[in-house]
Amino acid sequence: MIRNSIVAKMWLTIVGMVFVIQALLSVLLQQVFNKYIVSREEASLTQLALTIESVLSTGAARSVTEQVASDIAKRVERASVVYGIPYTSNSSLQAAYGAMTQAQRQALSRGQPVALRTASGKVQRLTVYVQIPARGHGLPGMLAVSQDTSVLDEPLREIRNMVLFDTVLGVILATGFAFVISKNLSRPLVDMTRAAEEMARGHYRQRVRVVTTDEVGRLGHTFNALARQLAETIEQLSMEREGLQRILSSLQDGVVATDLDGRVVLANPPARRHLRHLSVAERGVVDEERLPDRLMSLWVRVREQQDAVYREDTWDGRTIAITMLPLYEADGVTLRGSLCVLRDITEERRLDRLRKDFIANVSHELRTPLSMLQGYTEALLDDISDDPDMRRELTEIIHDETLRMKRLVNDLLNLAQLESGQFKLHFSRIDLTQVMRRVARKFQALAGDEDDLSFEVSIPALPVMIDGDEDRLEQVFTNLLDNAFRHTPKGTIRFELDIRHDYAYVRVADTGSGIPEEDVPYIFERFYKADKARTRSRSGTGLGLAIARQLVIEHRGEILVESRLGEGTTFTVVLPLAPQDDEDQGGSAL
């Protein structure tokens, strides 16, 4: 707890410093006071000894001097006086003199007092020796004034208690002051720590309150500025990341970012779909965390070449353009992964093929009539025949081929306008049965000329109202019937109308040559022809069904086809009925 709290650390530091200082000061004061008391007591004993020595040196009667000396000694607590003239008359004085050093003896002989500390068991005494001048030519005397040092214990104990009390009081006061000071100094740091922890949890709007202008205050201002800049930076990064995520999610191309080991670190939804398909195809399980083997081989090349790699591959029948390039660290040298872009170019390749086929078909369709025009025109110019009938026949052929090229150009223009939305249709409320009857009458004469061909028409007697362009619907039905008659040399062709669930179903069915199953999905493409030989007598321009389909779509309808090779073909045009009041849709054969 203390290790993790700056308040406790500062508090303990200040208290520790004060305690050490107080302890050192206490020891020093104790020694000073001890020395002072001992020296004062020594001075007192010295003064006493000198006073008694002066009394003894007066030459008065021995009894008188001893009584005076005794009275003077009583003034000092536990003091005792011993003297001898000469000093050899007292064994204790003689022993003390013998224990003195040469310097002490010399000082004593000069009349200076000598203080000595002696110990007898556990009792320590302080003794002051003074020399008494000799009488006559005999040996000098010596006076000893001694005191038990235990009398000093009480004042020393009082002083020691006073110093201890002062030390404890100082530590207590220092503890309080240290706590207050450390709390005030550490409060901004604690606030900044708490704010930093909240910022680490993602709350970047944290601020600290600054109340001082010292270093801690400047630190608080710096922290607030840093937090503000960090919040703005995080917000900008979040916005940029969200924008990047939206851009990646809205892309139709797949984008995958990987690390050095080929692990996926970023992938948008189209890329994840591709990764799922490839992982299931290669490993049998869904794995969106690592690149499939097909892409890993490209990653190996990118890592070795340190350059972008492009390749086209086919997945599940789709053509995918793969572009993989290296990603570097901020230094621009250290490789950190790769970026792979997966683009589905199936439609582009299909459009390229359609464009090429379109150019080839248009060239083919125009080349045949132009060749015939050139040939017959050269024949006329060379006067190949003087027969007027021959010349007329050549002229009619030229005219027919000119009309054929005109129809081809018109069909191309109409189809282009339909696909671009520039073709104008004139919608109105029309009777679909009238349109069908008018178209049927065109082909009934043609059917009557063929003995092996039967043309059956089934149209309701009551009107069937729809919203549409009458001329364009007639063009659709005419094209379908024309195809049926051209591909049905004998058999039956049915032209019928059926009403179900607010929709009109117009069917053109024949029992002709039919369409190969593999060609059915392509019959509505431009220049499709069931007759691969492209003979002029049996084949059209190849644009009729494409135009018919676009016209039906413009009428919010649909055109369907069913065909079996050698058995016949059925085209069904589905058109929505116009809103009608209570009208019954009856049916009878025409």
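Please refer to the structure placed before this passage.
Structural notes, computed from the coordinates. (Residues numbered from 1 in each chain as written. Predicted model: local features only at pLDDT ≥ 70, side-chain atom pairs only at ≥ 80, totals over all residues. Heavy atoms only, no water.)

What to know about the overall build of the chain
We apply this condition: For the purposes of this entry, the term helix denotes a DSSP run of H or I that reaches at least four residues, the term strand denotes a run of E that reaches at least two, and both are numbered from the N terminus. When a residue's accessible area, from a 1.4 Å probe over protein chains only, is under 20% of the maximum for its type it is buried; when over 50% it is exposed; and in between it is partly exposed. Any pair of residues with heavy atoms lying within 4.5 Å of one another is described as a contacting pair. In these tables, accessible area is a Shrake-Rupley quantity obtained with a 1.4 Å probe, and a residue counts as shielded only by the protein chains included in the view.
Broken down by element type, the chain carries 13 helices and 16 strands. Expressed as a percentage of the 590 residues in the chain, the buried residues total 37%. A fraction of 60% describes how many contacts in the chain between residues 6 or more apart in sequence connect residues 24 or more apart. For the chain, the accessible surface area stands at approximately 35300 Å², while carbon and sulfur atoms represent 54% of it.

Quick look at unusual backbone geometry
Notably, glutamine 306 is not glycine yet its phi reads approximately 55°, a positive angle. Note that glutamine 306 resides in the loop between α8 (293-305) and β7 (309-315). A relative accessible area of 34% means that glutamine 306 is categorised as partly exposed. Within the chain, arginine 556 stands out as a residue other than glycine whose phi angle is a positive 60°. Within the secondary structure, arginine 556 sits in the loop between α13 (544-554) and β15 (558-564). Arginine 556 sits in the exposed class, given a relative accessible area of 56%.

Things to note about the pairing of strand β9 (residues 335-344)
Selection rule: When DSSP finds two or more bridges between two strands, those strands count as paired.
Where strand β5 (residues 254-258) lies against β9, five bridges are found, and the strand directions are antiparallel. Considered in β9, the bridge of valine 255 is made with valine 341. The sheet contact formed by strand β8 (residues 318-328) and β9 spans nine bridges and is antiparallel. Bridge pairing in β9 places leucine 325 opposite leucine 339. The loop that links β8 with its antiparallel partner β9 comprises six residues; one of these, glycine 332, has a positive phi angle of about 75°.

Shape is all these values report; function is a separate question.
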